[in-house]
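# Structural description and commentary
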There are 2 protein chains.
Amino acid sequence: MKIPNFADIRAAKARISSFVNVTPLLTNNTINNISGAEIHFKCENFQKVGAFKFRGACNAVFSLTEDEACKGVATHSSGNHAQALALAAKMRGIPATIVMPDNSPQVKKDAVAGYGAEIVFCDPTLEARESTLEKVIEDKGHTFIHPYDNYKVICGQGTATLEIMESAHDFDCIIAPVGGGGLLSGTALAAKSIKPGIKVYAAEPEGADDAFRSFAAGKIIPSINPNTICDGLLTSLGQLNFEIIRQYVDEIFTVSDEEIKAAMRLVWERMKIIIEPSSAVPLAIVLKNKELFAEKKIAMIISGGNVDLGKLVF
Amino acid sequence: MKIPNFADIRAAKARISSFVNVTPLLTNNTINNISGAEIHFKCENFQKVGAFKFRGACNAVFSLTEDEACKGVATHSSGNHAQALALAAKMRGIPATIVMPDNSPQVKKDAVAGYGAEIVFCDPTLEARESTLEKVIEDKGHTFIHPYDNYKVICGQGTATLEIMESAHDFDCIIAPVGGGGLLSGTALAAKSIKPGIKVYAAEPEGADDAFRSFAAGKIIPSINPNTICDGLLTSLGQLNFEIIRQYVDEIFTVSDEEIKAAMRLVWERMKIIIEPSSAVPLAIVLKNKELFAEKKIAMIISGGNVDLGKLVF
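Quick caveat, the model's predicted, so the values are computed rather than measured. (Residues numbered from 1 in each chain as written. Chains lettered and ligands numbered in written order. Predicted model: local features only at pLDDT ≥ 70, side-chain atom pairs only at ≥ 80, totals over all residues. Heavy atoms only, no water.)

### Notes on the interface of chain B and chain A
- The interface of chain B with chain A comprises 17 residues on the first partner and 17 residues on the second.
- Here chain B and chain A share an interface that buries about 1,400 Å² over both sides, 65% of which is from carbon and sulfur atoms.
- A per-residue breakdown of the area chain B buries against chain A is headed by B:K272, B:I274 and B:L309, which together make up 46% of the total.
- Linking chain B to chain A there are zero salt bridges.
- In this structure, the connection of chain B to chain A is made through six residue pairs in polar contact (both at pLDDT 80 or more). (Contact = heavy atoms within 4.5 Å. Buried area = accessible area lost by both parts, 1.4 Å probe. Salt bridge = Lys/Arg side-chain N within 4 Å of Asp/Glu carboxyl O. Polar contact = N/O pair within 3.5 Å; in protein donor to acceptor, adjacent residues only side chain to side chain.)

### Focus on the environment of B:V153
Residue and element names in this part refer to chain B.
- The residue V153 is located in helix α8 (residues 151-165) in this model.
- We classify V153 as buried; its relative accessible area is 0%.
- In this structure, the C-alpha to C-alpha distance between V153 and K53, residues 100 residues apart in sequence, is 8.4 Å.
- For V153, the contacting residues outside a window of four places in its chain are G56, A60, I145, H146, P147 and Y148. (Helix = DSSP H or I, 4+ residues; strand = E, 2+ residues; numbered from the N terminus. Buried < 20%, exposed > 50% of the residue type's maximum accessible area, 1.4 Å probe, protein only.)

### Quick notes on the relation of the copies chain B and chain A
- You can overlay chain B on chain A at an RMSD of 0.0 Å; the transform is a turn of 180° with a shift of 0.0 Å along its axis. In symmetry terms, the pair is related by a two-fold rotation axis. Taking the C-alpha atom as reference, chain B places B:I273 closest to the rotation axis, 2.2 Å from it.
- Interface residue correspondence from chain B to chain A reaches 100%, placing this contact among same-surface, isologous pairings. (Least-squares fit on C-alpha atoms with pLDDT ≥ 70 in both.)

### What to know about the confidence of the model for chain A
- Confidence in the prediction of chain A, expressed as mean pLDDT, is 95, and 99% of residues score 70 or more.
- For this predicted complex, the interface score ipTM comes out at 0.91, alongside a pTM of 0.93. (pLDDT = per-residue confidence, 0-100.)

### Digging into unusual backbone geometry
Residue and element names in this part refer to chain A.
- For E295, which is not glycine, the phi torsion reads 60° and is therefore positive.
- Among the structural elements, E295 can be located in the loop between α14 (290-293) and β10 (297-302).
- Look at E295 and you get exposed, because its relative accessible area is 74%.

### Describing the sheet that holds strand β1 (residues 25-26) of chain A
Residues and elements named next belong to chain A.
- Pairing is mixed in the open sheet, where six strands are placed in the order β1-β2-β10-β7-β8-β9. Strand pairing shows two members of the sheet lacking a second neighbour, β1 and β9 (251-255), which therefore form its edges.
- Relative to strand β8 (residues 199-205), strand β7 (residues 173-177) runs parallel, the two sharing five bridges. From the neighbouring strand, C173 faces β8, where its bridge partner is K199.
- With respect to the sheet, helix α12 (residues 257-271) is in contact with β1, β2 (38-43), β8 and β9, its orientation differing from that of β9 by roughly 90°. (Pairing = 2+ DSSP bridges. Axes fitted to C-alpha atoms, helices over the stretch in contact; angles between N-to-C directions.)

### Looking at the layout of surface pockets
Residue and element names in this part refer to chain B.
- In this structure, the second largest pocket occupies an estimated 150 Å³ of space.
- Of all the elements in the fold, those that place two or more residues in the lining of the second largest pocket are α1 (6-16) and α8.
- In the lining of the second largest pocket, the residues fall into five nonpolar, three polar and five charged. (1 Å grid on protein atoms, 1.4 Å probe; cavity = no way out; pocket = protein on both sides within 12 Å on 5 of 7 lines; lining within 4 Å. Points joined across faces, edges and corners; volume = space filled by probe spheres on them. Nonpolar A, V, L, I, M, F, W, Y, C, P; charged D, E, K, R; others polar.)

And the structure:
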């Protein structure tokens, strides 16, 4: 299994730089006082489509050869990757087909359709998603862009950390949430390539702790019936992601949904920015393990800001 | 009635510069596409205490002589001015007393107390607030800092517009919400001093349209039983504020609470930033009057981001 190297991530940055937002690194005095640490939030909620996922999708789409590209791209997703791939394809001017469960929220269907992608609906099961996607690929000759277990996607996600490491700060550690592991693997590769001594930590909800268990066991242990408010972290680790994580990540921490909600509310109230539950997991682990993180200079990735305002958890 | 001049506003900027945040001027492609205009949002929701009010309170507190200052400051407010004055007094190291209605939300009481101010509770009527404040001032020798009908407060609020006008952009117009008129009068003074040809517009909820009616009548017509979700805009125009507004503001527009909610939701969903209802009124008037603002370069002041997450209007 070939693992991306630092040159791949730098190449991704050059490839996508005219399409992605360089997002700000924000701090907040109150949260620093409460945590006892110095936290710099990398705000991918301000990224295009409202999530870091656009970086990876963009790198995958713009890495295709002309021949591949004109045949289009496809994926199955009801989340941020669907919108990200749809927008990246639109920017390259190529077709995209998104397989979505027919019970997806209307706002997500509208967003994908708004970027000009074709939507193919299926039953809300993993089997139906995979078989429907297979048929789409067979019929249309599309290239499948996996949401996280994909070389180019991982490199794209790593570009957020390149921006972090190019800031004027010398960080002790960097913390990212982990679901399928796309963001975490890209983050770990980029951070350790630039500063081998930096600690890379992962943050995971207790109700979907397959990464924590897989990391401890040294082999992938998939999630069974995950249950958490972090709708972006329900998936199990990908193969390539796991290989990178076991080599480059120092530790995985878990927290409860109640701790995640409290951290999310703190960010909304004090920073006046909208972050999705998945994005609050890194802050929750710092607030839960204050002695470990005391006086540390921490980079923390806010993965996205896509929440359904009609279904708030407060 | 002496009206502040541009030198006063520049002096305010110099006086408070080491205490206030220079807030960002943000844009959003989707909102530009929807509105047909180019809107730059001046994000005072990222100001200290979460609102522009800190600028004015800070300028008032740091303009006091040493003798005045050591005797402390007081005001009556249950809103952003209470927190703003408490923090400004704390920064100068002087006492502050805030008269608050006893039915104020606990979160606001906690915030004011957290900045070290003394709170004196009163019945929730204007009469009780004023008489209680008078007694506090008599007993303690505090200086009363009015939330908006105050020369130094107006100059402080104008500093947000100084920052806007010092950006690289050449704006056609600037829009601010209007309640008591502190922000609007400071905005109008600063904007017209720097660029006399700029249009200055005010945005007001239909349910609290005393500024609209006063502007048309040429005299102050106070609000009676105002009714709007914009809790920051319930107050009637101040005397000094009105004098400035009648001279320097070009037009006042009103919108319904439904239009304000829609504009607020658009900002939350698309920009991923938390703004309070009062802050959405300027965007609502642009979306209601698209032909008037088409292709205009607009600076719009986001007044603050203090919302009770437990009582969302969505």
